[in-house]
Each structure stands twice: as C-alpha cells, then as structure tokens.
Amino acid sequence: MRAVTVAPGTADSLELIEDYPEPAPEEGSILVESLAIGVCGTDHEIIAGEYGEAPPGERRLVLGHESLGRVLEDPTGTLQPGDLVAGIVRHPDPVPCPNCAAGEWDMCRNGRYTEHGIKALPGFARDRWRVQPPYAVPLDRALGQVGMLLEPTSIVAKAWDHIERIGQRSVWQPKTVLVTGAGPIGLLAALLAAQRGFSVHVLDLATSGPKPELVHALGATYHSVPVHELDFAPDVVLECTGAPTVVLEVMCKAAPNGIVCLAGVSSGGRTIDFDAGALNRSLVLENNVVFGSVNANRRHWELASDALRRADPLWLSALISRRVPVSSYADAYTSGPDDIKVVLEFAI
Ligand SMILES: [Zn+2]
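This structure is a prediction, so every number in the text was calculated from the model and none was measured.

Things to note about helix H7 (residues 276-285)
- Listed in full, the buried residues belonging to H7 are Leu279, Ser282 and Leu283. Within H7, the buried residues cover an arc of 95° as seen down the axis, which keeps them to one side. Exposed side of H7, more than 90 degrees from the buried face: Arg281, Val284 and Leu285 are the residues found there.
- Packed against the buried residues of H7 are helix H6 (244-253) and strand E17 (289-292).
- Near the N-terminus of H7, the side chain that reaches the backbone nitrogen of Gly277, with its oxygen 3.2 Å away, is that of Asp275.
- Residue Asn287 follows H7 closely and has a positive phi angle near 55°.

Right, here's the structure in full:
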C-alpha cells in the first residue's frame, strides 16, 4: 500500500512509498481505510527536518496526524464497517505520569508521550491504518468531506475547555472574544466562540482572500489592524499567531478579569523591546490570566466531534483550499498564498 514518508532530521526527504507494509495487528483491532489527511505547519516543520522522530528501530516516519478514515473491520463491535473515524494523535507515556495515567495525555509531565505522524508512531498518510478503540473517535456521516478538521478542532475544544474552567474562579459573564490569526486554528476557535453565542472578533493581516468572508459568515467581525488599535477590550483572547508582538499586545489588551489563551507556537530567536513591569502591573491589577494550551485528550476530541456536527458543512468545506490526490502528494505539502487547509486525498 501507499504511504507518504520522511526521514526525520533530513530536510526535503519527503517520499511516497508504494509498497509500504500493511498495518500490523498490534497497532489496533480496528482496521481503517484512509480517506483524507489534513496538512499543517507541523508537517512542514517535519519535512524541513526540524522536527519529528521515526518509530524505534526505523529510519522513516509516515506523515499525517489529521486523519479521516472509514472503518473496514472492527472485531470488538465498537464501530461498524463504513463508520467514519479519526485517530487520536497522542498516546500516553509508558511510565505513565499522573496525567497520562488519568487519560490526560495532553497534559503529559515527562514528555515521553508518542504521536502519530510526529513522534515515534507511524502517521495516518497511508492507504490503511489500525487503531485501538480508545483512540478511535467516531464522526457523523455528514462530515465525510471535512472530518479531517477534527484534529485541529480538538485543539481549540481543549483551549475553550480550559478557558471555561479558569473562568469558574469567579462570577464570569464574558461577552467579547478576540481571536488573533485566521488560519485553520483561529477560524475553528472563532467557530466555537460563535457557537457559544459570544460577540466574536477575528484579527489577521490578510485584507483579501477567503479569510474575511469566512469570518463574516460566522456573524463575527474581521479586523486587519494592529491589536493596540482595536477599540474594545476582549473578555477572552485566543492567540493563534505565535507572533511575539501580537502575543504581548493581546496580554495588554484583555479586559479586567480577562483570560488570554496562547495557542500559537513561536519560533523564538527574536527579541523585542518591551516593558515587562507595565505588563505585570496590568495583569495583577486586572486579575488577568494568561495560559498556554496544546494538544487534546479524548474528551476534547468528543467535544470537537460534536462542534463539527453542529457547524455549517458548507462553511467547514470552505476552510479547505485545495484537495490534492496522493498521486500528486508533493503539491499538498507546498504552501500557496491563499491556502487555509490543504487536504491530501486517499480514497474520498
Ligand atoms: Zn505523561
């Protein structure tokens, strides 16, 4: 069968292997036919040789962590043949740490977790894969074209879960949400904000292309000005750019009792002149919270599945800029100027 692979640590080693072995039964009892894979920035970093780790004893890593598949067989009876399914990316560390032991592998303390298509587990960019029932998340049949959005949605479902838990520290009646960055994560964060009935604002540099229209379609307001020029103070911020200036500006912009969730990963190595004392003063005097959020556990995947089921399928489809067949796999990993989410299709 076909598999899209890289040699981790070696730049531009992307290669389609035509005779990759069938998934071993030890991978899981549920056999899945791959329909499509979403491509994201992590894949680009792995292809650039900056990130990624092959399974123990292997030289190559199968890519793909944003999965959508169709069940071929499940002897456990958990799922039926034909059911749509996505595979959870992260597996708990072998120790396990207290969080992994409780199923909170997204909060792993020792960093020894594994991740499909990223860290020591083969990814889903192959014709067939296997999964254990606890790591298989069923999807509504209506999501047959867009179910690969479940993984990025799980990331924002976790962010919202933690925002709401932090909010419970006091009487909390948020009204205004600011999302910075209108990539897939930012747009899905805005979708979940709109589903909660908040007044949603999305800020991005782009002034043309599909982003403004996608934001308007959520009933949200689109801004392409610097954060400090916004004329409101958001109760909740989801920072999805990782751009250092934006990160600092949203911390200063939040309303009293505001919660700022940092979900963008910065590359680092760039310094900017900044008054840390003024930021501290503002955070303390306004009871603000700034926290980071990454990955998701099974509960978040299920929340994400529910959020996608309730979303407008046409809006979700519009997030997918290009659908590339496996025969042209390299095109899926080459970014275009108006790309939001690029999808590699196996069998849709
Ligand atoms: Zn752990």
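Overview of the coordination of the zinc ion
- Surrounding the zinc ion are the protein donor atoms Asp93 (OD), Cys97 (SG), Cys100 (SG) and Cys108 (SG), at 1.9 to 2.3 Å.
- One can describe the site at the zinc ion as tetrahedral: its four donor atoms subtend angles covering 98 to 122° at the metal.
- Sequence spacing of the donors to the zinc ion: D-x3-C-x2-C-x7-C.
- Residue Asp93 is classed as buried on the basis of its relative accessible area, which comes to 3%.
- Look at Cys100 and you get buried, because its relative accessible area is 6%.

Structural notes on the UniProt feature "domain: Alcohol dehydrogenase-like N-terminal" (unreviewed entry) in the protein
- UniProt's feature table lists "domain: Alcohol dehydrogenase-like N-terminal" (unreviewed entry) at residues 27-136, given in the numbering used throughout.
- Across residues 27-136, the secondary structure splits into 10% helix and 33% strand, with the terminal C-alpha atoms separated by 12 Å.

A few points about the UniProt feature "domain: Glucose dehydrogenase C-terminal" (unreviewed entry) in the protein
- The positions that UniProt labels "domain: Glucose dehydrogenase C-terminal" (unreviewed entry) are, in the present scheme, residues 145-346.
- Along residues 145-346 one finds 40% helix and 18% strand; the C-alpha atoms at either end are 12 Å apart.

Observations concerning the nonpolar core
- The biggest cluster of nonpolar side chains holds 96 residues, and the ones touching the most others in it are Leu238 and Leu316.
- Top element by residues in this core is helix H4 (residues 184-195). It accounts for seven residues.
- Apart from residues lying up to four places away in sequence, Leu238 is in contact with Ala159, Trp160, Ile163, Val177, Leu178, Val179, Thr180, Ala189 and Cys261.

What to know about the pairing of strand E16 (residues 259-262)
- Bridging between strand E15 (residues 236-239) and E16 involves four bridges; their strand directions are parallel. Paired with Val236 across the strands is Ile259, a residue of E16.
- Taking the sense of rotation as the criterion, the β-α-β connection linking E15, H6 and E16 turns out right-handed.
- The pairing of E16 with E17 spans four bridges and is classified as parallel. In the strand pairing of E17, Val260 is matched with Val290.

Concerning the pattern of salt bridges
- Applying the stated criterion across every chain, the model contains 19 salt bridges.
- Salt bridges sharing common partners tie together Asp161, Arg165 and Arg299.

Re the packing of aromatic side chains
- This model, assessed by the stated rule, comprises three aromatic pairs.
- Judged by centre distance (5.3 Å) and plane angle (40°), the ring pair of Trp105 and Tyr135 falls under tilted. In this pair, Trp105 sits in the loop between helix H2 (98-101) and strand E8 (114-116) while Tyr135 sits in the loop between strand E10 (128-131) and strand E11 (136-139), placing the two residues 30 residues apart along the sequence.
- With relative accessibility at 10%, the residue Tyr135 sits in the buried group.

What counts, and at which threshold
- Residues numbered from 1 in each chain as written.
- Predicted model: local features only at pLDDT ≥ 70, side-chain atom pairs only at ≥ 80, totals over all residues.
- Heavy atoms only, no water.
- Buried < 20%, exposed > 50% of the residue type's maximum accessible area, 1.4 Å probe, protein only.
- Helix = DSSP H or I, 4+ residues; strand = E, 2+ residues; numbered from the N terminus.
- Arc of directions from axis to C-beta.
- Contact = heavy atoms within 4.5 Å.
- Polar contact = N/O pair within 3.5 Å; in protein donor to acceptor, adjacent residues only side chain to side chain.
- Donors = N, O, S within 2.8 Å, 3.2 Å for Na, K, Ca; no water.
- Tetrahedral: all angles 85-135°; square planar, octahedral: opposite > 155°, others 65-115°.
- UniProt positions renumbered as here; feature names shortened; annotations may be inferred.
- Core = buried A, V, L, I, M, F, W, Y, C linked by side-chain atoms within 4.5 Å.
- Pairing = 2+ DSSP bridges.
- Right-handed = clockwise from strand over helix to strand, strands pointing away.
- Salt bridge = Lys/Arg side-chain N within 4 Å of Asp/Glu carboxyl O.
- Phe/Tyr/Trp six-rings, centres within 6.5 Å; stacked < 30°, edge-to-face > 60°.

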